[in-house]
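A look at the structure
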Amino acid sequence: MAAIAKSTEFDAVVIGAGFTGLYMLRRLRDVLGLSVRLYEAGGGVGGTWYWNPYPGARCDTDSYMYNYSFDKDLLQEWQWSGRYPEQPEILRYLNHVADRFDLRRNIQFDTRVAAARFLEGKSRWEIETERGEKVVAQFLITAIGALSAGQVPAIKGRDSFAGESYYTNAWPHGGVDLVGKRVGVIGTGSSGVQSIPVMAAQARHLYVFQRTPNFSIPARHQVMDREFFQDIKTRYDAIWEKSRWSPSGYPFESSDRSLLELSAEERREYLERGWARGGFEFVYAFQDIFLDRRANDIVSEFIRSKIREAVKDPETAEKLVPTDHPFASKRPLIDTNYFETYNRDNVTLVDIRHFPIQEITPKGIRTADSEYELDIIVFATGFDAITGPFNRIDIRGRGGLSLKEKWAEGPKAYLGLASAGFPNLFMMTGPGSPSVLHSYPLCSEQHAEWISAVIEHMRERGVSVIEAEAAAEAEWVTHVNELAEQTLFMLADSWYVGANIPGKPRVFPVYVGGGGAYRAKCDEVAAMGYIGFTIGDRAADLQKLKHDHQMA
Ligand code: NA7
């Protein structure tokens, strides 16, 4: 592996070596010719896919869309094995990308960024790592993901447990031997729902501690042959073009039709067909499912009936049926044999909504009505989403302004890309962009390309500072919030709205207007000379530098 350069001054520092950061590095270094350092907290590339090797971890996007589109040769040479890619396969893909484009020589692994401070006189960012190293860069670009700040609840007695405990987002790379063990899992979000069937097949007994039941659709994962992918590969140009301008970032058909326009029989037939095919595609076809409670109720009730069909014990089935939120107002899930797993003799569903966990003891978990002796506890308890990853870094802009304090009542960023008071800081898939509602590889590429274009624009004009304008930012934040208010996302206590983190302001800082509309907006901003941004010129910068020097 090539040694990483020892410099302390860079054109750009990127934080995070997941999908977003790797492509950002590639653009800045190989297209713009900038000097770049990328800091990554993990020991390898992959981001989410590095940290989450828990049993059953898999992406819920069709594999042929869960890769970059920027390089045609890469698209042709990579071969997925099945309908959805599993965590180890995605990690192999991202390692392949890192090798193929020789990215590692610019990445410093095992290094968490602790702080970043804008040096006003120099118009540079000073970046400090947890090891105390300091470097300076003109641009700071965060590629830190939306679901990377882990959240293991401080349940009373948590550290007193005498057995082993694991968190899905820090799962050991060598795996965990669950065979013959009594395992308790807390959490039934995506990580729980994916891992529970796999853990149940290994454990002596699996206790699932469920606070909120979730809607889930069968994934219908299967191995796909080469011919399937070969066909896709001949059609990739059209698939990407369609996806780039679609709301979700996938080439799904979507229409303005309402599910309510279908007769009861047509709906049933449509939903049954979608259920048999598996995956999210059939629900994306009718946008009113996310907007209109009546359309949503039809889908919600359909899924409830499927849960009752799948689970043999009626009492257990009722506990698994979600009744307190509409479908998709919490992150919708797809699964492989999740509900069927509760038919196994070695699986017990523990209802902690009505009988909450009171304490973790050296022996296991004590709830309000019982005590469970365990060898292993698995926390599948989610994340401080979207803003959490930013709050872990002490980011200070002009006048020492803290980003965390500025965002105390909710994040404020123009296009989700930049925040007033924080010049030359770009946030990939940041709050106010489509991020978690969109295909991540595609929105990563869109941001990387937009950011590199604006940096190129600045370089061509010899200007060195760019900053979002407060008025443009306020207008965008209002727009994002108004759109979110019209959706059903606001009705559930989910990580989307920060409800899983005590004290977090209840906002949904994600642009729900669709990826295509967002892309068009970003393109328009660029075409209008980056309207909404102030782009300073070098002469003014030098003047300021001289002034600051005289004052010092
Ligand atoms: P999620 O979806 O946030 O799920 C976390 C689960 O953990 C959820 O069932 C929570 O119940 C439960 N939880 C969290 N804290 C507690 C406490 N204190 N006690 C009991 N139960 C708790 O995280 P995931 O990792 O599964 O998935 C995150 C995203 O990754 C997913 O949406 C995809 O985008 C990929 P709650 O629902 O809050 O009652």
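Every chain begins its residue count from 1, and numbering advances along the sequence as written. Thresholds applied to this predicted model are a pLDDT of at least 70 for local features of residues and 80 or more for the giving and counting of side-chain atom pairs; totals over whole chains, interfaces and linings are not thresholded and use all residues. Heavy atoms throughout the structure, all of them, feed into the side-chain values; hydrogens and water do not.

Quick notes on the nonpolar core
Threshold: We define a nonpolar core as any set of buried Ala, Val, Leu, Ile, Met, Phe, Trp, Tyr and Cys residues linked to one another through side-chain atoms lying within 4.5 Å. The buried label applies to any residue whose accessible area, calculated with a 1.4 Å probe on protein chains only, is under 20% of its type's maximum; exposed applies above 50%, and partly exposed to all values in between. Residue ranges labeled as domains rest on an automatic or database domain assignment. Between two residues, a contact is recorded if the distance between any of their heavy atoms is within 4.5 Å.
L415, W450 and F533 are the most contacted members of the largest nonpolar core, which totals 71 residues. The residue makeup of this core includes at least three contributed by each of domain 1 (9-147 + 387-543) and domain 2 (158-379). For L415, the residues in contact, after removing those within four places along its chain, are G432, S433, H447, W450, W476, Y518, K521, C522, V525 and F533. Counting 67 residues, the second largest nonpolar core, distinct from the first, contains I196, I307, A385 and C443.

Brief notes about the domain arrangement of the protein
The criterion, for reference: Defined in terms of a 1.4 Å probe, buried area is the accessible area two parts forfeit on being brought together, summed over both.
For the protein, the assigned domains are domain 1 (9-147 + 387-543) and domain 2 (158-379). Averaged C-alpha coordinates put domain 1 and domain 2 at centres separated by 28 Å. With 49 residues of domain 1 in contact, the opposing surface of domain 2 contributes 55 residues. With both sides pooled, the region where domain 1 packs onto domain 2 buries about 4600 Å², and carbon together with sulfur makes up 56% of that total.

Examining the pairing of strand β8 (residues 182-186)
Note the cut-off: In this text, helices come from DSSP runs of H or I with a minimum length of four residues, and strands from runs of E with a minimum of two, each type numbered from the N-terminal end. One requirement defines pairing of two strands: DSSP has to find at least two bridges between them. We call a crossover right-handed when, viewed with both strands directed away from the observer, the connection leading from the first strand over the helix to the second proceeds clockwise.
Among the five residues of β8, four are classified as buried, and the element is accordingly described as predominantly covered. As judged from the five bridges shared by β8 and strand β9 (residues 205-210), these two strands associate in the parallel manner. Residue pairing across strands places V185 opposite V208, the latter belonging to β9. The parallel pair β8 and β9 is bridged by helix α5 (residues 190-202), and the resulting crossover is right-handed. Pairing analysis gives four bridges linking β8 to strand β16 (residues 376-379), with the strands arranged parallel. Along β16, the bridge assignment pairs V185 with V378.

Description of helix α6 (residues 226-234)
Using the following cut-off: What the arc measures is the spread of directions leading from the helix axis to the C-beta atoms.
Of all the positions in α6, only F229, I232 and K233 are classed as buried. Burial along α6 is one-sided: seen end-on, the buried residues are contained in an arc of 100°. Projecting away from the buried face of α6 at angles above 90 degrees are the exposed residues E227 and T234. Where the residues of α6 are buried, they touch α3 (72-77) and α7 (236-244).

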